[in-house]
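# Structure at a glance
Chain by chain, the residues run as shown.
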Amino acid sequence: MNDFVTSLPAQAAAKCIIETARSLELLNRPIAVSGELADAEKLLFVKMFQKMDEHIKSHGEELSADEVSSLFTFVFAKAAESVTNMFNRKEQNFDLTGMFDGRIPLYADDAVTAEFKSSQFPALCTRNYLEFTGKEADALAGCDPLLLLFEALKWCFRLSCHLAITVVENHNAIS
């Protein structure tokens, strides 16, 4: 039996994040991709789903706007770390500290860290995602809100990896 379905709401959630990146001119060149970063994404998101399950059991299913913001900032920071680890040939090992409370440590190359600390991308992703889910509430009724959120977070991670790779290439930051 096939568990896959097509989801226009999930596609719209992804598009929301892609359009956010486009508005910040982060997509001026083809998106940088890597098999290693795809593996890192899988590892990260499996861990995040497990942590989310624990969070829901102890705090309920509703996430506050601050928690959603923290999640976008969290995957943004983890993208910087993933790219740094990839270039330094280090194992991808994700600490989930700060996932919900915004106190997210960032362990990345100095040039990547500097660029990421000044970026508005995660804040705009949060704002645009929350506006999208608010405006489209009727159309999204019956959709799994967690899957929509994670679709948006997945694209935030991918495009953040693209940004980090661009920083590395532009600054020859990691040797």
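Coordinates for the structure precede this section.
Below you will find a few notes about this structure.

Calculation notes
Residues numbered from 1 in each chain as written. Predicted model: local features only at pLDDT ≥ 70, side-chain atom pairs only at ≥ 80, totals over all residues. Heavy atoms only, no water. Helix = DSSP H or I, 4+ residues; strand = E, 2+ residues; numbered from the N terminus. Rg over C-alpha atoms; globule rule 2.2 N^0.38 Å. Contact = heavy atoms within 4.5 Å. Areas by Shrake-Rupley, 256 points an atom, 1.4 Å probe, with all protein chains shown as cover. Lys, Arg positive; Asp, Glu negative; His and termini not counted. Charge placed at Lys NZ, Arg CZ, Asp CG, Glu CD. Expected span 1.5 Å × (residues − 1). Polar contact = N/O pair within 3.5 Å; in protein donor to acceptor, adjacent residues only side chain to side chain. Axes fitted to C-alpha atoms, helices over the stretch in contact; angles between N-to-C directions. Left-handed = near helix turned anticlockwise from the far one by under 90°. Nonpolar A, V, L, I, M, F, W, Y, C, P; charged D, E, K, R; others polar. Core = buried A, V, L, I, M, F, W, Y, C linked by side-chain atoms within 4.5 Å. Buried < 20%, exposed > 50% of the residue type's maximum accessible area, 1.4 Å probe, protein only. Phe/Tyr/Trp six-rings, centres within 6.5 Å; stacked < 30°, edge-to-face > 60°. Lys NZ or Arg CZ within 6 Å of the ring centre and 35° of its normal. Disulfide = S-S within 2.5 Å.

Looking now at the overall build of the chain. Within the chain, the secondary structure is distributed over 7 helices and 0 strands. For the chain, the N- to C-terminal ordering of α and β elements is α-α-α-α-α-α-α. Relative to the globule expectation of 16 Å for 175 residues, the C-alpha radius of gyration of the chain, 16 Å, shows essentially globular dimensions. On the principal axes, the C-alpha backbone points of the chain span a range of 50 × 35 × 35 Å. Taking the intrachain contacts of the chain between residues at least 6 apart in sequence as the baseline, contacts between residues at least 24 apart amount to 86%. Only carbon and sulfur atoms are counted for the fraction: they give 51% of the accessible area of the chain, which is about 9,900 Å². Between the centroid of the 16 positive side chains of the chain and the centroid of its 25 negative side chains there is a distance of 4 Å.

This next bit is on helix α7 (residues 145–171). Count 3.6 residues to each turn of an α-helix, and residues three or four apart come out pointing the same way. Over its 27 residues, α7 extends 39 Å from the first C-alpha to the last, a length consistent with the 39 Å expected when each residue adds 1.5 Å. Near the N-terminus of α7, the side chain that reaches the backbone nitrogen of L146, with its oxygen 2.9 Å away, is that of D144.

Here we take up the packing of helix α2 (residues 35–59) against α7. Remark: α2 packs on α7, axes separated minimally by 11 Å, with the N-to-C direction vectors making an angle of 145°. Helix-helix and strand crossings are classified by hand; for α2 and α7 the assignment is right-handed. Between α2, through L37, E41, L44, F45, M48, F49, M52 and I56, and α7, the contact on the second element is made entirely by L146, L147, F150, L153, K154, F157, R158, C161 and I165. Among the residues making up the contact of α2 with α7, the classes are represented as 14 nonpolar, no polar and 3 charged.

Okay, the nonpolar core next. Within the largest apolar cluster, 52 residues are counted, with the highest numbers of intra-cluster contacts made by I17, M48, L71, F72, F121, Y129 and L153. Those elements that place two or more of their residues in this core are α1 (8–23), α2, α3 (65–87), α4 (110–118), α5 (121–135) and α7. Considering each element in turn, this core owes the most residues, 14 residues, to α7. Excluding anything up to four places from it in sequence, L153 contacts F45, M48, L71, F72 and V75.

We now examine the packing of aromatic side chains. Across all of its chains, the model carries 7 aromatic pairs by this definition. Where F49 meets F150, the ring centres are 4.0 Å apart and the plane angle is 20°; that geometry is what we call stacked. Taken together, the residues span a long stretch of sequence, with F49 in helix α2 and F150 in helix α7 at a distance of 101 residues. Assessed through its relative accessible area of 4%, F150 is described here as buried. One aromatic cluster in this structure is built from F45, F49, F150 and F157. Directly above the aromatic system of W155 lies the positively charged group of R158, at a separation of 4.9 Å from the ring centroid.

Counted under the stated rule, the structure contains 0 disulfides. Between C16, a cysteine without a disulfide, and C125, which holds the nearest cysteine sulfur, the sulfur-to-sulfur distance is 7.4 Å. C143 carries a free sulfur, and the closest cysteine sulfur to it, the one in C16, is 14 Å from it.

Mapped onto the elements of the fold, D144 is located in the loop between α6 (137–140) and α7. Remark: the alpha-carbon pair of D144 and T73, spanning 71 residues in sequence, is separated by 22 Å. Here the side chain of D144 touches L146 through a polar contact of 2.9 Å, landing on its backbone nitrogen.

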